[in-house]
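If you want the building blocks of each chain, they are given just below.
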Amino acid sequence: MIEVEGLTRRFHDRELGTITAVDHVNFRADPGEIVGLLGPNGAGKTTTMRMLATLIAPDEGTARVNGLDVRQDAAEVRRSIGYLSASTGLYGRLTAREVLEYVARLQGCPDAAARADALVERFEIERFSHVTCDRLSTGMRQKVNIARALVHDPPVLIFDEPTAGLDVLVAQQLFTVLEEARAAGKCVLYSTHIMGEAERLCSRVVVIHGGRVRAETSMDELRSRAPDGRLETAFIDLVAGPSA
Amino acid sequence: MQHPIVHVAHAELRQVARDVNTLLLTVLFPLFLFPGAVWGMTQVESMREGWEEGLRPRVTVEGDAREPLPENVVEAIDRPAVARLTWRESEVEIAYRASDPESVIARDRLVDALDDPWPLEVHDVAPPGEALSVVVARVVPLILVVLSLFASMYPAVEAVVADRERGTQETSLSTAAPRWVFLAGKLVAVAAITLFAVSASVLSAAATLVHVAVLVGAEIALDPLRLLAIFPLAVLTALYGACVSLLAAAPTRSFKQAQNTASAAVTAVMLLALVGVLPRAELGSGLGWLPVSNAVLVMRAWLEGETPWAWTGVAAGELLLLGVASVWLATRWLRPGSLA
């Protein structure tokens, strides 16, 4: 469902020169599984996800999402994914329901209004669905954002640190949504810093550091690499030392 | 030990000193504003003096001339005159039009040359309201251009940069709609706001003018249908303003930077508009290649009673072409590196 081969992205900075944020990355994620993308800050997780969401173009390599090439079929790739990151915001002067309907229309949903209504009910946001987004709390806003990512019922979900700033209740609701998505056969790529989240949700993990993949394995296998059997220890062992 | 205020001020100053936009506005702009303004005014004044010196207004002479015309005025033989000089037994009469700058220059030169010893009678023969209508014909196109730019600047900055800063651009761009759709949508919204603002301002200006004219008892010899005639070009000007503002905002990274860039673009276009209202500026006088100046001149000509169809087409074509080019460039700059 997600196949990444040799994906590379470089950035040019006046002071730092050329930075290879993602360096020939390979991994895959299949339908019906949640794959965790783990790595420290600046590891290249967000850049990888943004390339998969076709928000930035790769310099080298290929990626296929739902069988579609991110370069050749960018619009169809975007129709196939639900993308959520810390930087995907909501229109502050639109109501929660208006945002859902707007995104549903842009995604080409024939029944945009009905989809928006269904998600308002599904996420129990009826009470504030007619409140403009800039008046919502962080948690409520993230609920709307999650609903926004799911509004067109995509087969692939790409969630980049979606629990940042969320309280435990909203986070639990998000986990439930992702587990239901997995059960429904969707493919989920999930990036997080929080090992507990990864342990709860992910059957497989891709550990990335310095733009390179350090491990692509099952959660159980990764845990077994650590002397104490803890994911955190195994993760630290993988990313310790120089990043490149 | 230094007071914490010193540390705070030091950190703030360091921040400011590393911001190119702030430096431009707070250091370079004030340093160069006055010398630049004086230099500009000197240039305009010397241009005006040069124009006046080179000008030989044509004057019709009637009656038995008792003195030759001054050197800087010529007698109109086979071309229409801008003033009339009539010699009478006991006095000299000068007829001129206050609405025509060339006629006013002719009057001044005749008065200077003939005031002593001949008693002079000076008459303004322009129809009532003509002088005011000439001013209106110059001011209205300028207001239209300036308003279309100012009205579009903030919506454009809001639509492009604030969208990016809030993260809503990423939300939109992660949908299946192609990238150009968002810029086109923003353009439609900005143009609609601009058109509304321009239309409202023109209506308000017209009502105010009529009211003031009634109050001071002046007349305006301006056909209201002429205002309608320039409306299509005003619409295109508003669209062009929206395109320029979007182009100015597209490559910037912050709201403040966008405001600065858009302000600079607006000032540049305003200067072009000002060229169109200079006294010597005439339709087809080499200013046809300056898009905004040409549009102002065309609107001015329509308001002055002419019907410059060909130049209207040229001005419309220029505005459309530059508008499309601006949007194309803005699309390139909106999100470099992203996929269509």
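Here the residue numbers are simple positions, counted from 1 along each chain's written sequence. For this description, chains carry letters from A and ligands carry numbers from 1, given in the order in which they are written. pLDDT decides what is reported in this predicted model: residues at 70 or higher carry local features, side-chain atom pairs at 80 or more are listed and counted, and totals for whole chains, interfaces and linings draw on all residues regardless. Note: side-chain values were computed over all heavy atoms of the structure, leaving out hydrogens and water.

## Let's talk about the confidence of the model for chain B
Residues and elements named next belong to chain B. Every residue gets a pLDDT, meaning the predictor's confidence in that residue, from 0 to 100. Looking at chain B as a whole, its pLDDT mean stands at 82, while 95% of the residues score no less than 70. Numbering goes from the N terminus for both helices and strands, where a helix is a DSSP run of H or I of at least four residues and a strand is a run of E of at least two. Mean pLDDT in chain B bottoms out at helix α2 (residues 20-54), which sits at 79, and peaks at strand β4 (residues 92-96), which reaches 91. Confidence drops under a pLDDT of 50 for residues 336-340, and excluding neighbours within four residues, the segment shows 19 contacts in the predicted structure. Interface predicted TM-score (ipTM) for the complex: 0.88; the corresponding pTM is 0.75. Two residues qualify as a contact provided that any one of their heavy atoms is within 4.5 Å of a heavy atom in the partner residue.

## What about the interface of chain B and chain A?
Between chain B and chain A, the residue contacts involve 20 residues of the former and 25 residues of the latter. A combined buried area of about 1900 Å² lies between chain B and chain A, and 52% of that area is made up of carbon and sulfur atoms. Throughout this description, the term salt bridge denotes a Lys or Arg side-chain nitrogen within 4 Å of a carboxyl oxygen of Asp or Glu. Our count for the contact surface shared by chain B and chain A stands at two salt bridges. A salt bridge links Glu170(B) to Arg50(A), with the shortest nitrogen-to-oxygen separation between them at 2.3 Å. Any pair of N or O atoms that falls within 3.5 Å is considered a polar contact. Within protein, one atom must be able to donate a hydrogen and the other to accept it, and sequence-neighbouring residues count only if both atoms are side-chain atoms. Between chain B and chain A we count ten residue pairs in polar contact (both at pLDDT 80 or more) in total. Listing elements by their share of the side of chain B that touches chain A, those giving two or more residues are α4 (130-166) and α5 (168-173) of chain B. Tallying contributions element by element places α5(B) first for the side of chain B that touches chain A, with five residues. In this classification, the charged set is Asp, Glu, Lys and Arg, the nonpolar set is Ala, Val, Leu, Ile, Met, Phe, Trp, Tyr, Cys and Pro, and all remaining amino acids, among them Gly, are polar. For the side of chain B that touches chain A, the residue count by class is seven nonpolar, eight polar and five charged. Here's the idea: put two parts together, see how much 1.4 Å probe accessible area each one loses, and the total over both is what we call buried area.

## A word on the pairing of β4(B)
All names here are of chain B. Each residue is assigned to one of three classes by its accessible area relative to the maximum for its type, calculated with a 1.4 Å probe on protein chains only: buried under 20%, partly exposed between the two thresholds, exposed over 50%. For β4, a buried count of five out of five residues is recorded, marking the element as mostly surrounded by other parts of the structure. Neither face of β4 is exposed, since Val92, Ile94 and Tyr96 on one face and Glu93 and Ala95 on the opposite face are all buried. Between any two strands, pairing holds if DSSP finds at least two bridges. For strand β3 (residues 83-87) and β4, the ladder comprises five bridges, and the chain directions are antiparallel. Paired with Leu85 across the strands is Ile94, a residue of β4. The antiparallel pairing of β3 with β4 creates a hairpin that spans four residues between the two strands. Both β4 and strand β5 (residues 120-124) contribute to a ladder of five bridges, which runs parallel.

## A short note on the packing of aromatic side chains
How two aromatic rings sit relative to each other is set out by the distance from centre to centre and by the angle between their planes. Stacked, tilted and edge-to-face pairs are distinguished by plane angle, under 30 degrees for stacked and over 60 for edge-to-face with tilted covering the rest, among Phe, Tyr and Trp rings (Trp via its six-membered ring) whose centres lie within 6.5 Å. The full count for this structure, using the stated rule, is two aromatic pairs over all chains. Ring geometry for Tyr91(A) and Tyr102(A): centres 5.6 Å apart, planes at 90°, overall edge-to-face. Note that Tyr91(A) is positioned in the loop between β6 (81-84) and α3 (96-106) and Tyr102(A) in helix α3, a separation of eleven residues in sequence. Residues Trp302(B) and Trp309(B) carry aromatic rings whose centres are separated by 5.0 Å and whose planes lie at 80° to one another, so their mutual orientation is edge-to-face. For Trp309(B), a relative accessible area of 62% translates into the label exposed.

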